[in-house]
Amino acid sequence: MTMDAAPINPFDSLYVTETIDPESFVSVFSPFIVHDTSSLFQAGNVVLVGTQGSGKSMLLSLLKPETRVAYARAEQAFPIEPEAGGRFIGAGVNLTRSGAIDFGQRPIADGPDNADAAAAYFGDFLNYWIVEDLLLTLRILLDCPAAADGAGVVPGAEDHLDEFASELAREDCWLGALDGTSSFAGLIDRLRARITGYRNFFNYNSETLGSEISRHKTSAGEPISVSAGLLRSRGLLRDDANLFVRIDQYEELGRLDEWQELDYAEGFASVIHKMLGLRDPRVSYRIGTRRHAWPESPRMQGTTAVLEELRNFKIVDLDDILMPSEHRRSFPKFAEDVFRRRLRWAGYRVGTETQGIVREVFGPSPRPNERADIYVGSRRYIPPKASEWPEEIQTLLMRTAEQSPLDCVLAEAYLRQRGTEDIDPAAGSQPWIDRQWWRKERTAQALLQLAARQRQRMIWCGAEDVLALSGANILVFVSLCQSIWDAYLRAEESPQSSSALPSIRDRYVQDEGIYQASRYWHRKVRTDPDGDSRLRFVDHVGQLFREWLRVDTRMSYPGHNGFSLDGAELRADKQLREFLQQAASYGVLVDRSHSTRNRGGNRRHKWYLAPIYSPYFQIPASHVKEPKYVGIADLRKWLAEAGVPGFLPGSRPGRRDREDEGQESLFGTGED
Amino acid sequence: MAPRDWHVVSCLGTEERCFAAMTQLATRGQLDRATLVNIVEPEGHPGASEIKRLKEDRERELTVPPLSGLPIELSAHALLEPYHKIVEATRAAAKGSAHLWLDITALPKRFFFPMLKILLRTEGLEDLVVTYSMAESYADGDLHQDIQSPEFLPLFAPDFREQRGGAEGLIASIGFESSGVIQILDQSDYAPVTVLFSYPAPPPFFGRNWDFVRYAAKSIAVGQLDFQGVSVIDVPSVFDVLATKMAGAGKSYICAPYGPKPVSLAMCLYAAGPGADRAAVMYTQPKYYNPSYSSGVLSDEAGSVIYAYPVVLNGVNRYD
Amino acid sequence: MSIDRRDWSDAEQELFSRLTYLDGQLFSEYAPARELPSFDHRLQEWLNGPGDEPDRRRLFSLLGHLYFIGQKELDVLYRKAFRADVMWWLTPSEVHIDDASFPAALTEALDQTWFCPITDSMNIAHFHHINGIRERDLRPEWRALAKLGDRDRVAAHMGAQGFRRLVLLEDFVGTGNQAKSTIEWTLDNFPDLPLLVCPLVICRAGLDALRGQVRQRPDSEIRPGVVVPDRCAIGPPAQPSEPDDFPELRDLLMRLVTLVDAPGSSDEERAFGYGSIGALTVLFTNCPNNAPPVLHHSDSPTWNSLFPRVIRA
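Residues numbered from 1 in each chain as written. Chains lettered and ligands numbered in written order. Predicted model: local features only at pLDDT ≥ 70, side-chain atom pairs only at ≥ 80, totals over all residues.

### Notes on the overall build of chain A
Along the backbone of chain A there are 29 helices and 9 strands. Taken along its principal axes, the extent of the C-alpha atoms in chain A is 100 × 70 × 50 Å. Here chain A holds 672 residues, and 51% of them are scored as buried. Long-range pairs, those at least 24 residues apart, make up 74% of the contacts in chain A with a sequence separation of at least 6. (Helix = DSSP H or I, 4+ residues; strand = E, 2+ residues; numbered from the N terminus. Buried ≥ 20, exposed ≤ 12 C-beta atoms within 10 Å, placed from the backbone. Contact = placed C-beta atoms within 7 Å.)

### Structural notes on the domain arrangement of chain A
Residues and elements named next belong to chain A. As far as domains go, chain A holds domain 1 (37-322) and domain 2 (544-672). With 7 residues of domain 1 at the interface, the matching set in domain 2 holds 5 residues. Residues that form the side of domain 1 that touches domain 2 fall into these classes: 1 nonpolar, 4 polar and 2 charged. (Domains from an automatic or database assignment. Nonpolar A, V, L, I, M, F, W, Y, C, P; charged D, E, K, R; others polar.)

### Quick look at the interface of chain B and chain C
Each partner contributes residues to the interface: chain B has 23 residues there, and chain C has 24 residues. Of all the secondary structure elements, the ones that give two or more residues to the side of chain B that touches chain C are β10 (190-199), α6 (205-216), β11 (225-231) and β18 (306-313) of chain B. Tallying contributions element by element places α6 of chain B first for the side of chain B that touches chain C, with 5 residues. Of the residues contributing to the side of chain B that touches chain C, the split by class is 15 nonpolar, 5 polar and 3 charged.

### Considerations on the interface of chain A and chain B
Every contact between the two is made by 59 residues of chain A and, on the other side, 50 residues of chain B. If you list the elements that add at least two residues to the side of chain A that touches chain B, you get α5 (113-142), α8 (184-202), α11 (251-259), α23 (507-524), α24 (531-551) and α29 (663-666) of chain A. For the side of chain A that touches chain B, the residue count by class is 16 nonpolar, 23 polar and 20 charged.

### Points about the domain arrangement of chain C
Residues and elements named next belong to chain C. With domains assigned, chain C is organised as domain 1 (11-69 + 246-296) and domain 2 (72-227). The centre of domain 1, based on its C-alpha atoms, is set 32 Å off from the matching centre of domain 2. In terms of residue class, the side of domain 1 that touches domain 2 is built from 7 nonpolar, 5 polar and no charged.

### Digging into α24 of chain A
Taking 1.5 Å per residue as the helical rise, α24 of chain A with its 21 residues ought to reach 30 Å, and the 30 Å between its terminal C-alpha atoms agrees with that figure. Taken together, the buried positions of α24 of chain A are occupied by Gly531, Asp532, Ser533, Arg534, Leu535, Arg536, Phe537, Val538, Val541, Phe545 and Leu549 of chain A. Buried positions along α24 of chain A lie against α20 (436-453), α26 (574-585), β8 (603-609), α27 (614-617) and α28 (632-642) of chain A together with β7 (144-147) of chain B. (Expected span 1.5 Å × (residues − 1).)

### Here's the deal with unusual backbone geometry
Of the consecutive residues Ala191 of chain B and Pro192 of chain B, the connecting peptide bond is found in the cis state with omega at -5°. Positionally, Pro192 of chain B belongs in strand β10. Positioned with a positive phi, Met555 of chain A is a non-glycine residue whose angle comes to about 55°. Under the C-beta neighbour-count criterion, Met555 of chain A is labelled buried, with 22 such atoms within 10 Å. In this structure, Asp261 of chain C is a non-glycine residue whose phi angle is positive, near 55°. Its 15 C-beta neighbours within 10 Å are what place Asp261 of chain C among the partly exposed residues.

### Concerning the sheet that holds strand β1 (residues 6-11) of chain B
Residues and elements named next belong to chain B. The mixed open sheet is built from 7 strands, whose spatial order is β3-β2-β1-β4-β5-β18-β19. Strand pairing shows two members of the sheet lacking a second neighbour, β3 (72-78) and β19 (316-317), which therefore form its edges. Bridging between strand β4 (residues 99-103) and strand β5 (residues 127-133) involves 5 bridges; their strand directions are parallel. Within β5, the position partnered with Trp101 by the bridge is Val129. Seen against the sheet, helix α3 (residues 83-94) touches β1, β2 (31-40), β3 and β4 and runs at an angle of roughly 170° to β3. (Pairing = 2+ DSSP bridges. Axes fitted to C-alpha atoms, helices over the stretch in contact; angles between N-to-C directions.)

Now the structure itself:
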C-alpha cells in the first residue's frame, strides 16, 4: 500500500478478519496473543473464556483452515510453529448459526421423554455437523498444499480421500446410516442430507424427523473420535498433528433456560460435557463461551458424573491473561504490536522494534503537575474555604498554590485529614510531598478535585493514558486509536501524505478522540443482551464513584472508584451475583477477588467499571488502596434506584405490588 | 376488493391501534370470526400493572359494537415460549379458513414471522391479506428494553448453510430502534452490508438513522457498507429491492428486520418463499416492550389509515 | 478545522461527528455547492459568522434539527407518489382488486392521465423514468402555463392526447402561494378536469392552504409525500411540542437579521424565510426559500451560507 491517495485511518475498521480480507488479516494479526495461550494449541480440552476484545475470536480464527490458507498464500509463516503446536486441523460448530439451539423448540418425542430425546438428537446433530465440517476442512487445506503441509496433512492425502470416506462410512459408530457411501463427495452429501433433515424438521418444512434419523442416532463425540483416529491410521494426518473441535457460543445454552419454559439447556450442555469427558487423545475440544456461563459442576449426559477441571478440561481466561499483574505485562506488548502492524499496513514506514511506537506517535501522557497546570490554565488556583485556616497556614497554602496547584490540593487534604499540629510552616515541612506513598495514592483524586473546582473536564492523552483506558482489551485499544486518528485527520489543514510516522502530539486532538471513544463504548453497553438494565446500573455507579471522590476533601478514600462485596454474602444472593457476573462477562465491570483488610475475614470481590468509561464519568482509571466496602443491601438499593427490572421494590415475592414505581423513568424520554 | 367473510388473526396488545383493522371489517359486516393472540409478558416486566390496565381497555372494546357478539377467540402465549406452540396455535386457528386476514400491528416479529409462513401454507387458502395500522403519535422514549442475543426468527433459520468461501451478506432495515444490529455485526463477518433506510425519514428519524449507521460502520469492514432507500409502506417495492439484491447473487444472505413493520413484512415474504437458499432472518428479541409506545390511530378525513397488503388472492400467492 | 471545540458538551461533539459523517455520505449531493468548497469548509466559515461564542454554538445547534433530503429519499418519494398516491386515486371504487378487468382498467386510466410539474424545479422526466411511465411529448410546467399559456390550446392538446385527468407534482411546497395561483388557474379554466396534486415535500401551512382549495372539487385531491414536521419548522409562533431550544434559537435568528442581510417583507421573513415558516429542510437539489436565510443566503458581504441557494430571478 502506498501513500499516494488521501491518508486513511489505519484503524478504520475495528475488525480485520480472514473471511473478508485475508491479506490484510495476515498483516494485521498479532501473534503476541499466542504467546500466553500456548495451551490452546496443545492436546487437551480447553474452555476458552473471554469478553469481546479479549482476543478470543482472533485466537479461535487461528483454528480455522481458511486462516492457515491465508498465511500460506501470503507466504507468511503461520503464527504457531509446527513443533510448537502448529500442526493441527480444526472443525467446528456454532450453536446459534448451525441451528443447534433450535432443539427443544419443537418436540421430537411425547411428554417428559422429550428432554432426553432432544438431548440425544442434539448430540447426533453435533456429530454430523462437526464431521461434515472436518471433511470440508480437509478439502480446503488440500487446495493449498503449503497450508495442508503445515497443518500436518500427509502429502498425497488427496489421492486417498475416497478410500478414507468409504471406510469411515462403514464404521459402527454410524449404526449403518451411511452404508453404501463410496466417495468423499458422496459422504459429504450424506452427512448434509441428515443435517438438512433436522433443519427441515425444525423449520416445519417436514412433519417428522424421519425414520432414517430416528433409527440411527449416533453417540455424542464418538463419530468425531473415530474420524480422527481413521485419519491418522490411514496415513492422511500425521500422528503428531492435533484435531481441534470448536464449539462456539456455548453460553447460548444457558440463555435457553433463562427465558423459555424449556428445561433442556442442562441436557444439551451435558451432551457437550460428555464429549469432553471422553478424554480421547485423538480429539481436543475448544469450547468458546462467556465468563460465568461455564458451570461449576458440568454434568455429563446419561450420568451423574461431573467433569473435573484439569483432568477433563482446562479453562483459559483471556481477560485474566491480558490483565496486568506483577508477573505479566503482556497487554502493552500486544497493543504495541497491533499498532505497529496497522500502521505498516496503512503504508507508513515503521521500524521493526515493537517497543515504544505508541509513545512515538502519541507522545507521553502529561505528568500530574502538567495536568494540574492544564486545569488551572491562566487562572490562579485559590484554595476554597481558605479563610477557615489560621493565617500562617493560609499563607502557606497560597504560596504552595502559586508554585504547584497540585501540591496545594494535596496539602489541603492532608491538613483536613491530619490537622495542623505537626505542620511547621517556618520549618518548611511539606508532608504532602515527603510522604511519598500517601501522595502517590491520592494524586489521581487530587487532580479530579482540582479539575472540578476549576470547572474543567479531565484531560486524557498520551500513550500511557491510551493503554490504561484500554483495560487490556485490544478492541478498546484499536477504537481509541481510531477515534484519535479521526480527530487528527480532521484537525490537520492538509494532512501529510508522506509515509513518515506521524506525530499526533496535540493534546486536544487526542483528548477529543478519547472522549469520543469513551462515549462510543458507553453507548455500546445497551446494544448487548440485557444492556439497558446494565447501562442503568453503570450510569448509577459511575455517578456515585465521581461523587464519592469529589466530595471526599480529606482524601481518606482515594480508592472509592470501586466497590467491594463479601464473597459469602454474594454467593448467597444468586440474582445479584448473576447480574454482576453478567456485567463482567460483557466487559462492563471488572471483577477481582482480594483478601479483605479485616482480620480473619472472608474473601471479598472488588468491582470496577471498565476503564474506558472513565472519561465519560470523569473518574480516574487507576485504582489505589481499598475500594468502598458495601453490603448486598447497598447494591440492591442502587439497582432499585437505577430502575433495573427485577430489583425494583415489589419485584421480590411477598412484597406489595408496587411494580410501576419508577416505571415512568424506565421508558421515559429517550435521546434526541 | 369484493366482499368476503374474513377470519382475522390478530393480537390483543396494549396499543389503541391494535383493533383498528378488525373494527373496520366488522363495521362493513365482513368479519366472520377472529383469533386473537394474547401475549403474556415475561415476569418482572417493569410496566406490568400498566400493561394489565391497557389490555383491559382493549378487552372492553371487544364487548361493544361493532365487535361485540362476534366469535372472537383468545389464545394465550408467553412472549418467549417454544415456537412449536406458535405454530400449532396458528395451524389450529387457520384450519378450514379460506379467507385469512393477518393484522401485524401489535404482533411481535417472533410471532408474525412464523405465523405468516404457516398461514401461507393453509390448505384451501384462497385469500390472505396482511394489514398494518399506523399510530397517531409515538412516544419519545424507548420502544423496548433489554434486547437478547441474536437468533434466527422461528422458522427462518437457514435450512442448511455451508458457511465457507466468503462472508455472508447482511441486509438490515433500520428504524427507531436498531441497536441489535450492532450485536449481529459483532458476531460475524458480513460482506456486503446493505442498510435499508425507510423513507421518508424526517427528524427524529433523520438523526437517529445516521447516528446509528455511523456507530455500526465501525464494525463493518471498510468498503463493504452500502445504502438503499426503500419506502416505509410500499411492501411490493421493498420485496423487489430484496429480490434484486439477493436472488442469483451467488451468496447467502441474512436479513435483519429493524425497520418499520411493512419493511419487515417484505423481508418475511421474501424469506418465507420456497427454495433452500432463501434468506435467513436474524433478530434480537427484546425482553420488555414499552406498553405506551404509541397512542391513537392515524387517520385522515376518510377514517383510520390502515395499510392492507394482499398477499394471496384467489389462490395465487403474488409474492412467489 | 479552526473551530475550537474544546469546551463543547458531549451532545455538541456528537452532533459534530454526525455532521462530519454526513458530509461524506449525504451532503456532498448538494447540487448548488458542487463547485464550491466542501461542506466542512463551509461549516467553518458559517460558524465564524456570529460575533460571540455562545451565538456560534447556538447557530451550530440549529443543525441538530436539520432535515436534509438526499437523492435516495427523493427517489422514494417520487415512486411513492406514483405507486401509492396516483394509483390510489386512479382506482375506481367500484372495481375490485381481484376483478379480472382491473389491470386493463388501470392501464387505460393511466394512459388518460397527464403528469406535469407545477414549477420547473420538479424533475418530471425523472418522475417518468423512475416509475416507468410512458413518455409523452409535452409536460409543461403549469405555473408557466398559468402565466403565459393559452387555455384553448392546452385544452385542444389534452383532447388530442386523450387526457382526461391531470396530476400536478412539485418537489417542495412552502406556503403554497406559488402553487395556489397555478391550481386556481387550473380549476377555473378546466372545471371538469379531475385534479390530483402531489407535493413531495410540503410545509404544514402550504398543505392547509392547498387542501382547502383543491377539495372544493369532489373529484380532486391532494396527497403529500412528506409533511415537514413541526420540529423542523422554527418559524413563530411557538408550538406546544416543539424542541426545548427553539425559543432560544428563534431569538438568535432575529438577532442575526442585520448580519445576514437577507431580503424579506418583514424582519420575521428576514429571519425565518419566506412565509416565516423557518423550515429547516434542505433538498439536495436546492435549499427552499422557506428555510431560515442563515442557512442559504449567499448574497451578503457579512454572511457565509451553509447551503447556498440558487435563486430564481
